[in-house]
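What the coordinates show
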Amino acid sequence: MKKAKVNIKGFEIYKGYLDSNSQVELLAAIRGIAKAAPLFSPVTPSGKKMSVQMTSSGQYGWVSDRNGYRYSPCHPNGVQWPPIPKVLLQPWKELISAEREPDTCLINYYGLATKMGMHQDKDEKDFTWPVLSISLGDSGLFRMGNENRGGSTQSIWLDSGDLVVMGGEARLKFHGIDRIRFQSSQLLKNAGRINLTMRVVK
Ligand code: MD6
Ligand code: FE
């Protein structure tokens, strides 16, 4: 089915892409991942604890510590990342590719007062593949900037079930989450926001 798409600075935003049943299904799959590969709080290379909690699934996962940002085949606790569940791959198949699966699905959990500073997604080897992001739970204010830090930005609230495709001219643009509208959604019992990002890494 064709869904309405908003294009802001090259970021393609699909509002309300996932209905509430699919959101519940995805959430169950995410809980399975977090059981196998628990959420952890990454530390930036300069030693600051990030406020967001993370885990991953797929062949690789994103990790960060004193040794820098990178993709790793293992969770910081040494276990392999669990495979990406089929239900999570469905939107990728529909919007990005039916032939090539993503190498990773990164899971971010935002609790009360969590945000994510403006950053570029550039730890992947091949920028011709877009990043697909899925938002679940409480709404997050997504800010989109430019290929260099600074300049004008535009923001949009990402609500539960919204998708963002960051490819083409937007692939290397700065973006971040300014704040969470805590308890704006009923999806997560204990509130908070989950953001999934799927990427081709190698
Ligand atoms: C977030 N997302 O929405 C943070 N990255 O929680 C990202 O950093 C992001 O939404 C690449 C593409 C889309 C995104
Ligand atoms: Fe990002």
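Scroll up a little and you will see the structure.
What this report covers is the structure whose coordinates are included nearby.

Conventions we followed
Residues numbered from 1 in each chain as written. Chains lettered and ligands numbered in written order. Predicted model: local features only at pLDDT ≥ 70, side-chain atom pairs only at ≥ 80, totals over all residues. Heavy atoms only, no water. Buried < 20%, exposed > 50% of the residue type's maximum accessible area, 1.4 Å probe, protein only. Helix = DSSP H or I, 4+ residues; strand = E, 2+ residues; numbered from the N terminus. Pairing = 2+ DSSP bridges. Axes fitted to C-alpha atoms, helices over the stretch in contact; angles between N-to-C directions. Donors = N, O, S within 2.8 Å, 3.2 Å for Na, K, Ca; no water. Phe/Tyr/Trp six-rings, centres within 6.5 Å; stacked < 30°, edge-to-face > 60°. Lys NZ or Arg CZ within 6 Å of the ring centre and 35° of its normal. Contact = heavy atoms within 4.5 Å. Near = heavy atom within 4 Å. Polar contact = N/O pair within 3.5 Å; in protein donor to acceptor, adjacent residues only side chain to side chain. Areas by Shrake-Rupley, 256 points an atom, 1.4 Å probe, with all protein chains shown as cover. Nonpolar A, V, L, I, M, F, W, Y, C, P; charged D, E, K, R; others polar.

**Section: the pairing of strand S11 (residues 163-166)**
- Alternating residues of S11 divide into Leu163 and Val165 and Val164 and Met166, and every residue in both groups is buried.
- Of the strand pairs in this sheet, strand S2 (residues 11-14) and S11 are connected by four bridges, and their pairing is antiparallel. Pairing of Glu12 across the sheet is with Val165, part of S11.
- In this structure, strand S8 (residues 131-137) lies alongside S11, joined through four bridges in antiparallel fashion. What sits directly across from Ile134, in S11, is Leu163.

**Some words on the sheet that holds strand S7 (residues 116-119)**
- The antiparallel open sheet is built from four strands, whose spatial order is S7-S12-S9-S10. At either margin of the open sheet sits one strand with a lone partner, and together these are S7 and strand S10 (154-158). With direction set aside, neighbouring strand axes in the sheet form an average angle of 25°.

**Considerations on the coordination of the iron ion (ligand 2)**
- Here the iron ion (ligand 2) is held by the protein donor atoms His119 (NE2), Asp121 (OD) and His175 (NE2), which lie 2.1 to 2.2 Å from it.
- When the donors of the iron ion (ligand 2) are listed by position in the chain, the intervening gaps give H-x1-D-x53-H.

**Section: the packing of aromatic side chains**
- Under the definition given, this model contains four aromatic pairs.
- Here the aromatic rings of Trp92 and Trp129 are separated by 6.2 Å at their centres, their planes lie at 20°, and the arrangement is stacked. Taken as a pair, Trp92 in helix H2 (residues 86-95) and Trp129 in the loop between S7 and S8 lie far apart in primary sequence, 37 residues in all.
- Residue Trp129 is classed as partly exposed on the basis of its relative accessible area of 21%.
- Lying over the aromatic face of Trp157, Arg181 brings its terminal NZ or CZ to 3.9 Å of the ring centre.
- Geometry around Tyr60 places Lys202 over its ring, the cationic atom sitting 4.8 Å from the centre.

**Thoughts on the environment of Phe11**
- Position of Phe11 relative to the elements: it lies in strand S2.
- Look at Phe11 and you get buried, because its relative accessible area is 0%.
- Sequence separation between Phe11 and Glu169 is 158 residues, and the spatial gap between their C-alpha atoms is 8.3 Å.
- Phe11 has contacts with Val6, Phe142, Met144, Val164, Val165, Met166, Ala170, Lys173, Phe174 and His175, leaving out every residue within four places of it along the chain.

**So, the site of ligand 1**
- Near ligand 1 the following residues occur: Tyr110, His119, Asp121, Val131, Ser133, Phe142, Met166, His175, Ile177, Arg193, Asn195 and Thr197.
- In this structure, an oxygen atom belonging to ligand 1 sits 2.5 Å away from a side-chain N or O atom of Tyr110.
- At a separation of 2.8 Å, a nitrogen atom of ligand 1 approaches a polar side-chain atom of His175.
- Protein contacts shield 99% of the accessible area of ligand 1, which totals 340 Å² for the unbound molecule.
- Counting residues per element, the ones that place at least two in the shell around ligand 1 are S8, strand S12 (175-181) and strand S13 (193-199).
- No other element matches the three residues that S13 contributes to the shell around ligand 1.
- Of the residues assigned to the shell around ligand 1, the class counts are five nonpolar, five polar and two charged.

**Concerning unusual backbone geometry**
- Here Ala113, not a glycine, exhibits a phi torsion of approximately 65°, which is positive.
- With respect to the helices, strands and loops of the structure, Ala113 is situated in the loop between strand S6 (104-110) and S7.
- Of note in the backbone geometry, Ala191 takes a positive phi value of approximately 60° without being a glycine.
- The exposure class of Ala191 is buried, given its relative accessible area of 6%.

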